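# A structural walkthrough
Take a look at the letters that make up each chain.
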Amino acid sequence: MPHSRLTGSRIRERRLVLGLKQAALAKDVGISAAYLNLIEHNRRRVGDSLLEVLAKALKTDPAVLAEGAEAALLGALSEADKRLPQAQAELDRSEDFAGRFPGWASLVMAQNQRIQELEQMVEALSDRLTHDPELAASLHEVISAVTAIRSTAAILSGGGEVDQEWQDRFLRNMRDEGMRLSSAAQGLVEFLDAGSSEEVVPIGPSEELATFLDANNYFFPDIEAPSAWKGGARDQAIAAVIAESAALTSREAQDMARQFLLQYLEDAEAMPMQAFQTARTALGWDPTALAREFRQSLPSVMRRIAFLPPTSDGTVAGLISCDGAGALVVRKAVPGFALPRFGAACPYWPLFQALAQPERPVRAVVRQPGGARRRHVCQAICVQQEAVSFDRPPVYEAYMLIRELDDALDGDALSHAIPTEVGSTCRVCPRTDCAARREATILSAG
Amino acid sequence: MTRQVLVIEDEPNIAEAISFILSRDGWSVSTHASGTTAVQAVRDAKPDVLILDVMLPGKSGYDILQDLRSADDTRALPVLMLTARGQKTDRELAERLGVNRFMTKPFSNSEMLTNLRELVGG
């Protein structure tokens, strides 16, 4: 059996683990304590037969004593050396290093492995930046807008003859291209900030829940059926939905999903889908009218409005809820209204105006920067999360329904209202004159 | 004699700026925005020089260039290619396909004019 130079060290280590005295072990295997001492300090080679006896006394395999667990370590040290040869590591002493400092050697191995993983990740990201179609399209958009602006600006400022009609036309073009550039740049930042959806790995139970809800677009047909509402069928129906989800991997996320689905089921039972969808259209998507119709709370009605699929009129609604600390809990998006994936939202959202005024409904027409500058109607309410108690202070939560402004649905008053300019989150908001700004934007001033 | 230039570019504001610059310089300019029908547009317009964008709807500028270089009536047409992709590989591909000049966006108006004048010999 090939013995490494550190067989003695492993014999000593094993003996100490078992709490054996050197003299006792020496006596047990029939050699002198002095000889064992020399072996243990790697000053004498140990023959195969003695190794077998020692291994038996130490209740281990002779190979473990002969080769040791550090073979992997030695391989890893050699690999680490290849990665950074300019460090001039003493390769000829790596066995000695691994034997004397196994903890440090393990650290080198782990770091080497981590570097390898990170290098692979960088490679994948670099590959993605090079080949991602969404990114390529965004960059093309930016370059096209910049090209048009640069050429047009050079015409206007170049000193040549440009008659008034052309001047007006070019100024319009520059304005349009400026808007397009702003929108493309914002899209680019959001893309880089959020990552493409298929590559986002949920981090933590809240992210798992969000992934699960997004994947189902907040709609659960299996729980809409009256047969799922009674007795034990409730738990069964909810458990089946959770079991089918690949996104809910942690127990915490499954518990959160259970809570969400239980509330969903109660809303479904109180406001059955078909009746609610009919009423939703008939009552013009008005949450207060629907709350009266079904004798339910505004938050319940808002959830139902937002979570049920759109009917033939194509109107869709999003829903955001936050806790008393302003942390976003539900984030069902609606086209044209950007929500932050991470961190805090824009303090100008009506959601937070509502949070400051419990029980008072807040409605506002809002507009976000960039893009198509669509106007959205937001309806928000803040309510107490649980029953009133003398034992503890009240805990509030707020809900905000978001829907694109619809002249037919919303009437003249809202259609002609001056929109409140709001953002998504400070990081990607170009407004520089915002009193509520928490942190600098990564976009240039817009 | 007025020289003819055909601009194949799907971005209307870029095409408009190029048209203005060239018209003011004395060129007769026509524009075309589709990649799919670009080769036919070249045959119809019979320009002295072609400005060709790369990313076009329906057919890329590279494919159009290849078609032009493989047909007798368009093989010798001077082509100035404009692209948002200025990587070495893009330039090399365009050169392999027989481009005469290659400019990356955003470009300088005066540089574009110089290139065009050189392509038609003055």
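Within every chain, residues take consecutive numbers counted from 1 along the sequence as written. Chain letters and ligand numbers both follow the written order, the letters beginning at A and the numbers at 1. Owing to the predicted nature of the model, reporting of local features is limited to residues with pLDDT of at least 70; listing and counting of side-chain atom pairs is limited to 80 or more, with chain, interface and lining totals taken over all residues.

## Here's the deal with the overall build of chain A
In plain terms, the rule: Here a helix means four or more residues in a row that DSSP labels H or I, a strand means two or more in a row labelled E, and each is numbered from the N terminus. Residues are called buried when their C-beta atom has 20 or more other C-beta atoms within 10 Å, exposed when it has 12 or fewer, and partly exposed otherwise; all C-beta atoms are positioned from the backbone.
Of the regular secondary structure elements, chain A holds 19 helices and 6 strands. Counting only residues that meet the buried cut, chain A has 31% of its 446 residues in that class.

## As for the overall build of chain B
Each helix and strand counted, chain B has 5 helices and 5 strands in total. Start at the N end of chain B and walk to the C end: the helices and strands fall as β-α-β-α-β-α-β-α-β-α. Looking at chain B residue by residue over its 122 residues, the buried ones come to 40%.

## Details of helix α1 (residues 7-18) of chain A
Residues and elements named next belong to chain A. Note the threshold: The length a helix should cover is 1.5 Å for every residue beyond the first. Here, residues touch in the contact sense if the C-beta positions derived from the backbone fall within 7 Å of one another.
Between its first and last C-alpha, α1 extends 17 Å over 12 residues, near the 16 Å set by a 1.5 Å rise per residue. Every buried residue of α1 is listed here: Thr7, Gly8, Ser9, Arg10, Ile11 and Arg15. For α1, the secondary structure elements touched by its buried residues are α2 (22-29), α3 (33-40), α4 (48-57), α5 (62-67) and α7 (94-100). In the stretch just after α1, glycine 19 is the one whose phi turns positive, near 75°.

## Concerning the sheet that holds strand β5 (residues 101-104) of chain B
Strand pairing in a sheet is mediated by backbone hydrogen bonds. Such pairs are either parallel or antiparallel. Residues and elements named next belong to chain B. This is how it is decided: Two strands are said to pair when DSSP picks up at least two bridges between them. Here an axis means a line fitted to C-alpha atoms, over the contact stretch when the element is a helix, while the angle between two N-to-C directions is reported on a 0 to 180 degree scale.
With respect to topology, 5 strands assemble into an open sheet ordered β2-β1-β3-β4-β5, the strand pairing being parallel. If you trace the sheet from one side to the other, it starts and ends with β2 (28-32) and β5, each paired once. Adjacent strand axes in the sheet meet at a mean angle of 20°, parallel and antiparallel pairs treated alike. With 4 bridges joining them, strand β1 (residues 4-8) and strand β3 (residues 49-53) adopt parallel strand pairing. When the sheet's bridge partners are listed, isoleucine 8 is paired in β3 with leucine 52. Those strands touched by helix α3 (residues 61-69) are β3 and β4 (79-83), and its axis lies near 150° from that of β3.

## Some remarks on the interface of chain A and chain B
The criterion, for reference: Classification used: nonpolar for Ala, Val, Leu, Ile, Met, Phe, Trp, Tyr, Cys and Pro, charged for Asp, Glu, Lys and Arg, polar for all others including Gly.
On the chain B side, the residues contacting the 15 residues of chain A number 15 residues. Of all elements in the fold, only α9 (133-157) and α10 (164-194) of chain A reach the threshold of two or more residues within the side of chain A that touches chain B. Residues of the side of chain A that touches chain B, tallied by class, amount to 6 nonpolar, 7 polar and 2 charged.

## Some thoughts on the nonpolar core
In globular proteins that are soluble, nonpolar side chains generally tend to be buried together. What counts, and what does not: By definition, a nonpolar core groups buried Ala, Val, Leu, Ile, Met, Phe, Trp, Tyr and Cys residues that connect through C-beta atoms lying within 7 Å of each other.
A:Leu351, A:Ala354, A:Ala380, A:Ala398, A:Met400 and A:Leu401 are the most contacted members of the largest nonpolar core, which has 62 residues in total. A per-element tally of this core places helix α14 (residues 251-270) of chain A first, with 8 residues. If near-sequence neighbours (up to four positions away) are discounted, A:Ala380 is found in contact with A:Pro350, A:Leu351, A:Gln353, A:Ala354, A:Val362, A:Ala398, A:Tyr399 and A:Met400. Among the nonpolar cores identified, the runner-up in size contains 47 residues, and B:Leu6, B:Ile18, B:Met81 and B:Leu82 belong to it.

## A few points about the confidence of the model for chain B
Filter applied, for reference: pLDDT expresses how confident the predictor is about each individual residue, on a scale running from 0 to 100.
Across chain B, the average pLDDT comes to 92, with 98% of residues at 70 or higher. The ipTM, which scores confidence in the relative placement of chains, is 0.91 for this predicted complex, and the corresponding pTM is 0.50.

## Observations concerning the packing of α3(B) against helix α4 (residues 88-97) of chain B
Residue and element names in this part refer to chain B. Filter applied, for reference: Convention used here: angles under 35 degrees read as roughly parallel, angles over 145 as roughly antiparallel, angles from 65 to 115 as roughly perpendicular, and any remaining angle as oblique. In a left-handed crossing the near helix is turned counterclockwise from the far helix by less than a right angle, and in a right-handed crossing that turn is clockwise.
The geometry of α3 relative to α4 is characterised by a closest axis approach of 9 Å and an angle of 20° between their N-to-C directions. By the criterion of interaxial angle, the relationship of α3 to α4 is roughly parallel. Relative to α4, α3 is oriented so that their crossing is right-handed. Taken together, the residues of α4 that come into contact with α3 (itself represented by Tyr62, Leu65, Gln66 and Arg69) are Leu93, Ala94 and Leu97. Residues of the contact of α3 with α4, tallied by class, amount to 5 nonpolar, 1 polar and 1 charged.

## Let's talk about the sheet that holds strand β4 (residues 375-384) of chain A
Residues and elements named next belong to chain A. The strand order β2-β1-β5-β4-β3-β6 describes an open sheet built from 6 strands, whose pairing is mixed. The open sheet terminates on both sides in strands that have one partner only, identified here as β2 (328-332) and β6 (420-421). Both strand β1 (residues 317-323) and strand β5 (residues 396-404) contribute to a ladder of 7 bridges, which runs antiparallel. The residue bridging cysteine 322 from the neighbouring strand is alanine 398, located in β5.

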